[in-house]
Amino acid sequence: MLDGTRKFSLVDESNKEMKRTLTTVYDALKEKGYNPINQIVGYLLSEDPTYITNHNNARSLICKIDRDELMQELVQFYLDN
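Here the residue numbering is sequential within each chain, running from 1 through the sequence in written order. Only residues with pLDDT of at least 70 get local features here, since the model is predicted, and only at 80 or more are side-chain atom pairs given and counted; chain-wide, interface and lining totals rely on the full set of residues. Note: side-chain values were computed over all heavy atoms of the structure, leaving out hydrogens and water.

Let us look at the pattern of salt bridges. What counts as a salt bridge is simple: a side-chain nitrogen of Lys or Arg found within 4 Å of a carboxyl oxygen of Asp or Glu. A full pass over the atoms with the stated rule returns two salt bridges. Notably, a salt bridge pairs Arg-20 with Glu-17, separated by 2.8 Å at the nearest N-O pair. On the criterion of helical spacing, the pair formed by Arg-20 and Glu-17 is a turn pair, its members being three residues apart in helix H1 (residues 10-31). On the basis of relative accessible area, Arg-20 is assigned to the partly exposed category, the value being 45%. One salt bridge in this structure joins Glu-47 and Arg-67, with 3.0 Å as the shortest N-O distance. Placement of the pair is Glu-47 in the loop between helix H2 (36-46) and helix H3 (58-63) and Arg-67 in helix H4 (residues 67-80), with a sequence separation of 20 residues. Assessed through its relative accessible area of 16%, Arg-67 is described here as buried. Put simply, DSSP H or I for four residues or longer makes a helix, DSSP E for two residues or longer makes a strand, and each gets a number counted from the N terminus. Note on classification: 1.4 Å probe, protein chains only; a residue is buried when its accessible area is under 20% of the maximum for its type, exposed when over 50%, partly exposed between these limits.

In this section: the confidence of the model for the chain. Values of pLDDT, which run from 0 to 100, indicate the predictor's confidence residue by residue. Averaged over all residues, the pLDDT of the chain equals 89, while 90% of them reach at least 70. Averaged pLDDT values for the elements of the chain fall to 88 in H1 and rise to 96 in H3.

Given below as structure tokens:
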């Protein structure tokens with residue numbers, strides 16, 4: 001029997017899922033020969049999903065992420081590091 005209590009954090013899981021999705025999108029863009037950073041920034045600034053390739057379902061994946069939350073996480077990560 002376990003003595004400790006397991007901790008669950010929805011925020012941590014959300015951040016991990018966001019990172020997995022962004023990594024998948026990044027890899028798909030790179031595989032197709034695009035500059036992933038430029039394409040993702042273009043998407044974030046314009047909200048136009050055509051900046052993201054359909055390869056490996058990347059466009060559909062990035063559209064599932066709330067842009068405001070993603071930008072908030074990116075700024076927070078930048079400031080923390």
